[in-house]
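Now for the letters of each chain:
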Amino acid sequence: MKGGQVLINTKQPLLKVENLHVHFKTEDGIIKAVNGVNFELFSGETLAIVGESGSGKTVTALSTIRLLDENGWISEGKIRYKDIDVLALSDNQLRKIRGKEISMIFQEPMTALNPVFTIGDQIIESLELHLDMGKQEARNRAIELLTKVGIPEPERRIDQYPHELSGGMRQRAMIAMALSCNPSILIADEPTTALDVTIQAQILELMKELQKEFQMSIIFITHDLGVVAEMADRAIVMYGGEVVESADIITIFKKPRHPYTWGLMNSIPRIDRDEERLLSIPGVVPNPLNFPKGCKFSNRCFFADKKCIEENPNLEEIEANHFSRCWHIDRMLREMHKVKEGER
Amino acid sequence: MTTYIIRRLLLLPLIILGVTLIVFSMSQLLGPLKLLSTYVDPNTYAKMSERDIQILMEQYGLTDPLPIRYGKWLKSLFKGDLGWSVVGKEPVLSALINRFPYTFELALYALFPIIGVGIWLGVTAAVHHNSFIDQFIRIFALIGWSLPDFIWAILVLLIFYVGLGWFPPGNLSIWADQIVKSASFQNYTHLLTIDALLNGRIDIFWDALRHIIGPVIAISWLWWANLLRITRSSMLEVLRKDYVRTARSKGLPEKVVINKHARKNALIPVVTTAGQMVIGLLTGVVIVEMVFVRTGLGSFAATAAQQLDYASIMGVLLFTSLLLIIGNLIIDISYAIIDPRIRLG
Amino acid sequence: MIILSEEFKRTLKRFFTNPSAIIGVTILIFFVMIAIFAPWIAPPKLPNNRNLDKAQSLLDNFTEDNKDLIIQELKEFWNDNYLFAEDDYIEMSVLMEKIKEYQKKQISIDELKAYIKELTDIYILNETYYNKFEEETNKVIRQLKQEFVKAEKKYNNSIVYSNMIKNLEEIEDSEKFIKYANNLVEEFNKNFIKSINFDPYIMPNVTTTRTPIPPSQEHPFGIVNQKDIFYGVIWGTRTAFEIGLIVVAISTAIGLFVGSVAAYFGGWLEEVLMRITDIFMSIPFMLAAMVLTTILGLGIKNMMIALIVFGWMVTARLIRGNILQAKNEQYVMAAKALGVSDFFVIVKHILPNTIFPVLINATMRIGSMVITAAALSFLGLGAPQGYADWGSILSYSRDWIIGGTNPTQYWFTILYPGIAMILFVIGWNLLGDALRDIFDPRMRH
């Protein structure tokens, strides 16, 4: 370590995903949901995967623990957790990782929890499985966890069924279940999308506290930029199954360097800007059965030209730890400058 | 749940009443002359003059207006008087009660293969969706479902009795029958196999069992095919659910995911169709008992129908409907118990 | 121009790539062909009239001397069938007058009845008219009027035919004679068949022994109880389609009506209708059908009525459940918010999405209805004696196989009708299964 240099990344990443390709077989053809995604996750940090529906963000996350639907498969790529090659694991070994090292919480807690078992049962199940706890010990721990996630009267709630709890409490219960075995990574797939705004804030608060307490990393999947701003240290933006931009959170918001990211930023109301209208990105996501040859965003991009339509740009590191996939970032910069000037 | 059960219980008398109304209406289609035959032996009035027959009809209330007739008929039902059975040569009610245990025994033994095989194969087929096993099981079930019960029953009789000599028709061999009918044999439950055991007669037990296996095979084949299909599609649906994915994400072994998490949910809709199965059993019993020449409600009904013994067939109808209603009630209650959403909702 | 939407095209594609669908449809088409071409595949044995046959054979070997013989045969035929036509017609006309008088209350019912009895005694009318007269007066009067029309026709025919024979007598030229006579014989034959109510569905007796006879070239499926099994299986196909389609169509219609009315209007109407449905469902189907068939009497029509009366409930429940679900769906509320009228909401939005399970269910029920009908016939409760129905044929075989000494020698009595029935039901079940596979995942979205 040289003096005076900012210590960036000498640690080994906790999770490393390289060149991930995921395909799905459907009756209409093969869908290429993920096309060459790379990212790393370090311990203690929160990584946001941002994108709209169909961008491949959920599939990417599911792939890390190989939880794909039966018609999907990982056609290419490497997934490394600590020093384990996840794709080479046998089913038995994989199960030791799921729920214990890497846990996941889902968007809709009503359907993600089994309606015929109590929430206590479902938490205790994990504890018994991974931590070899006895019944009583597990039950006590479960009550502890419920308290930790902020569910009042945990001794009573533990014997209740999911439909007896409110939406926010169900999500807390699911968090308790996911954290029960102290995982290193928590994957949260749009956990607050289905909740009221006020509950949303509470859940996010809770997650931040727990992250500190349990010392874990979080992969946060969302399309909501407000949540990203609140929770994430770093973010990767996905479009059409690819990473189009990745950087730390401040950079993403203040210095977006991809037309899609910039479009996203412009489409949310911002307190720090004085705007009259929100801009939306015209057009729609291309059909995943039939991606264009070139840049997948080209049909909606203001700056696209022939080159964009013909050739897909590579993900380039445009500055330290800031990556972008675009041929004409300079054009975008000029436009951004114009806009800024116009605002003055 | 209590409100649910109370509601069902309150509706019970209404439904029973409705059934009696339907049966009564059907009987009235016969016309007064034929109805008279249900009360009085037709030979006695065949030679009578019209006037005398008229008097006879009035005597039995057959000329009263409909509602009064219905009321009187209901009253006699409550008193247990369902008329005289020509086929059984005894009052209809006692004819039914005497034959019911045989049918019940058959249905009981049939339930095991039906439920066991049906659910097991249904789950297996769903888990190995679209694979060779799945297709094979589906074809197997399709044939079972498409096979008319009487053809299958005859085939079973052909193969296992005529061909192999294993499972003879009838309820018991003659020697066993004589013992059972003798005074020394105590009929505790009226179920042959169980009574045989209770009386300490293993030989009779085996004999009764030998006679019952054939019909059980005949009846159950068709119904486990049905149960299989319902279990399979229910299971397929459940396997798609989010909570199954959550269970996998927790690192649970696949066996646990299927047998614990998925199956319990999949069985809930299956239980609701158990009501259909009871109907199916009551139906299949008619054919099977006829083909295997067994005593029971089914053969009683068929014989009575063939001989135009109206009192008997209506009695059977009422009796079996009652069985069905009670059966459905039990199923509904257990459904409420199994599904916590209903139990505590 | 029909615009083929994407949805429709995709559904078609799924249909044609689904093996169950293809096999099922193939089987059904096979049966449909048999049903349509039954009269050619297994031609019905038309009844013969002795006189006409003789006349025909004389015509075929025509000589001048035969002329008189031929005319004699024809006259005999006319005598046998039309001699009393005039008298009958007169009697029936009087009956019609009496009926009119009765309806105008000019004579009493007893007087009318007495006149009917007279006609019954001299065999002009069937005794059932007299027996049922009191009970079902109006119905019997209607039937008597039909009998009158028949008597009138017969009388008219008798005159025409007698004239035709007279004309024949006067023809000198041999060729003309032959032609005219041939026409006459054909005409008489046609009428003869019509007059005795020939029913091709009744299986003809082809031998004298009742013991089953194994398949031969003339009777490819064998003979049982004097009836040609091949004939029975072929014409039985028509019966199967008739029973299956009619019963399921009508019972589904009833169920649809009850269920949708209940679901759409809700409130006490729904409660009442659903309770009625519950009550019907509390009666075991097969037993109820047995009882109703026994009460109504033998016959295919009565059996179908029994099956329909107890066969609509599942459809009612199904459609009600689906409509209730659909009523609360977003797209319905959206339509209503836009001001679409109730009727259109039902037809355009709710029905298409709720009708598919009903169709699937109906398809599968065709198979099971045919089985139930066959079971009833098997027990002797459905089709009348000798009717071409697979269940009836199987009931014959049951006696021989169970009662017989060496049952396997009569294998053909079960095999052919049994296979026909099994294939038929498999066809419908495959189709229903395929429809369910095709439509279900779509509905889940």
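What you see is a predicted model, and the numbers here were worked out from it, not measured in a lab.

**Student:** How do you make sense of the sheet that holds strand β8 (residues 217–222) of chain A when you look at a structure like this?
**Tutor:** The pairing of strands in a sheet happens through backbone hydrogen bonds and is either parallel or antiparallel. Residues and elements named next belong to chain A. Pairing within the open sheet is mixed, and its 8 strands lie in the order β6-β7-β8-β3-β9-β10-β12-β11. Two strands bound the open sheet, and with one partner strand each, they are β6 (102–105) and β11 (316–319). Taking each pair of neighbouring strands and ignoring which way they run, the sheet shows an average axis angle of 20°. Against the sheet, helix α8 (residues 197–214) makes contact with β3 (46–50), β6, β7 (185–189) and β8, and its axis sits at roughly 155° relative to β8, the strand it touches most.

**Student:** What's the story with the interface of chain B and chain C in this structure? I'm lost.
**Tutor:** Size of an interface: often given as the accessible area lost when the parts come together. Counting from both sides, the interface comprises 47 residues of chain B and, opposite them, 44 residues of chain C. For the pairing of chain B and chain C, the buried interface totals around 4,300 Å² over both sides, and the portion due to carbon and sulfur atoms is 77%. Three residues, Met26(B), Phe150(B) and Ile154(B), lead the burial of chain B against chain C; their summed loss comes to 13% of the area buried on that side. Taken together, the connections running from chain B to chain C amount to 2 salt bridges. As a salt-bridge pair, Asp433(C) and Arg138(B) come within 4.0 Å of each other at their nearest N and O atoms. At the junction of chain B and chain C, the tally comes to 3 residue pairs in polar contact (both at pLDDT 80 or more).

**Student:** Which parts of the structure should I look at to understand the nonpolar core?
**Tutor:** Residues Phe150(B), Met290(C), Leu307(C), Phe310(C) and Leu379(C) are the most contacted members of the largest nonpolar core, which totals 194 residues. Per element, the largest residue contribution to this core is 20 residues, and it comes from helix α11 (residues 202–239) of chain B. Both domains that meet at this core, namely domain 1 (20–81) and domain 2 (106–344) of chain B, each give it at least three residues. By size, the runner-up hydrophobic cluster in this structure holds 74 residues, among which are Ile102(A), Leu165(A), Leu206(A) and Met207(A).

**Student:** Can you walk me through the packing of aromatic side chains in this structure?
**Tutor:** What characterises a pair of aromatic rings is the spacing of the ring centres plus the angle enclosed by the ring planes. The final tally for this structure, using the stated rule, is 37 aromatic pairs over all chains. Between Phe37(C) and Trp40(C), the ring centres sit 6.2 Å apart and the planes meet at 65°, which makes this aromatic pair edge-to-face. A centroid spacing of 4.1 Å and a plane angle of 5° characterise the contact between Phe221(C) and Tyr416(C), whose relative ring orientation is stacked. Of this pair, Phe221(C) sits in the loop between α10 (174–195) and β1 (223–224) while Tyr416(C) sits in helix α19 (residues 411–444), and the two are 195 residues apart along the sequence. Here Tyr416(C) falls in the partly exposed class, since its relative accessible area comes to 22%. Feature note: the residues Phe30(C), Phe31(C), Phe241(C), Trp390(C), Phe424(C) and Trp428(C) constitute an aromatic cluster, connected by ring pairs. One Lys or Arg, Lys307(A), reaches over the ring of Trp327(A) and ends 3.9 Å from the middle of that ring. A cation over a ring is seen here: Lys98(C) above Tyr115(C), with NZ or CZ 5.2 Å from the ring centre.

**Student:** Sorry, what's going on with the interface of chain B and chain A here?
**Tutor:** Listed by partner, the interface residues are 23 residues for chain B and 26 residues for chain A. For the pairing of chain B and chain A, the buried interface totals around 2,300 Å² over both sides, and the portion due to carbon and sulfur atoms is 60%. Where chain B touches chain A, the interface holds 2 salt bridges. Across the pair Lys260(B) and Glu125(A) runs a salt bridge, and its minimum N-O distance is 3.1 Å. Run the count over chain B and chain A and you get 12 residue pairs in polar contact (both at pLDDT 80 or more). Every element with two or more residues in the side of chain B that touches chain A is listed here: α12 (242–249), α13 (254–291) and α16 (340–343) of chain B. If one sorts the elements of the side of chain B that touches chain A by residue count, α13(B) sits on top with 7 residues. Considered class by class, the residues forming the side of chain B that touches chain A number 7 nonpolar, 7 polar and 9 charged.

About the cut-offs
- Residues numbered from 1 in each chain as written.
- Chains lettered and ligands numbered in written order.
- Predicted model: local features only at pLDDT ≥ 70, side-chain atom pairs only at ≥ 80, totals over all residues.
- Heavy atoms only, no water.
- Pairing = 2+ DSSP bridges.
- Helix = DSSP H or I, 4+ residues; strand = E, 2+ residues; numbered from the N terminus.
- Axes fitted to C-alpha atoms, helices over the stretch in contact; angles between N-to-C directions.
- Contact = heavy atoms within 4.5 Å.
- Buried area = accessible area lost by both parts, 1.4 Å probe.
- Salt bridge = Lys/Arg side-chain N within 4 Å of Asp/Glu carboxyl O.
- Polar contact = N/O pair within 3.5 Å; in protein donor to acceptor, adjacent residues only side chain to side chain.
- Core = buried A, V, L, I, M, F, W, Y, C linked by side-chain atoms within 4.5 Å.
- Buried < 20%, exposed > 50% of the residue type's maximum accessible area, 1.4 Å probe, protein only.
- Domains from an automatic or database assignment.
- Phe/Tyr/Trp six-rings, centres within 6.5 Å; stacked < 30°, edge-to-face > 60°.
- Lys NZ or Arg CZ within 6 Å of the ring centre and 35° of its normal.
- Nonpolar A, V, L, I, M, F, W, Y, C, P; charged D, E, K, R; others polar.

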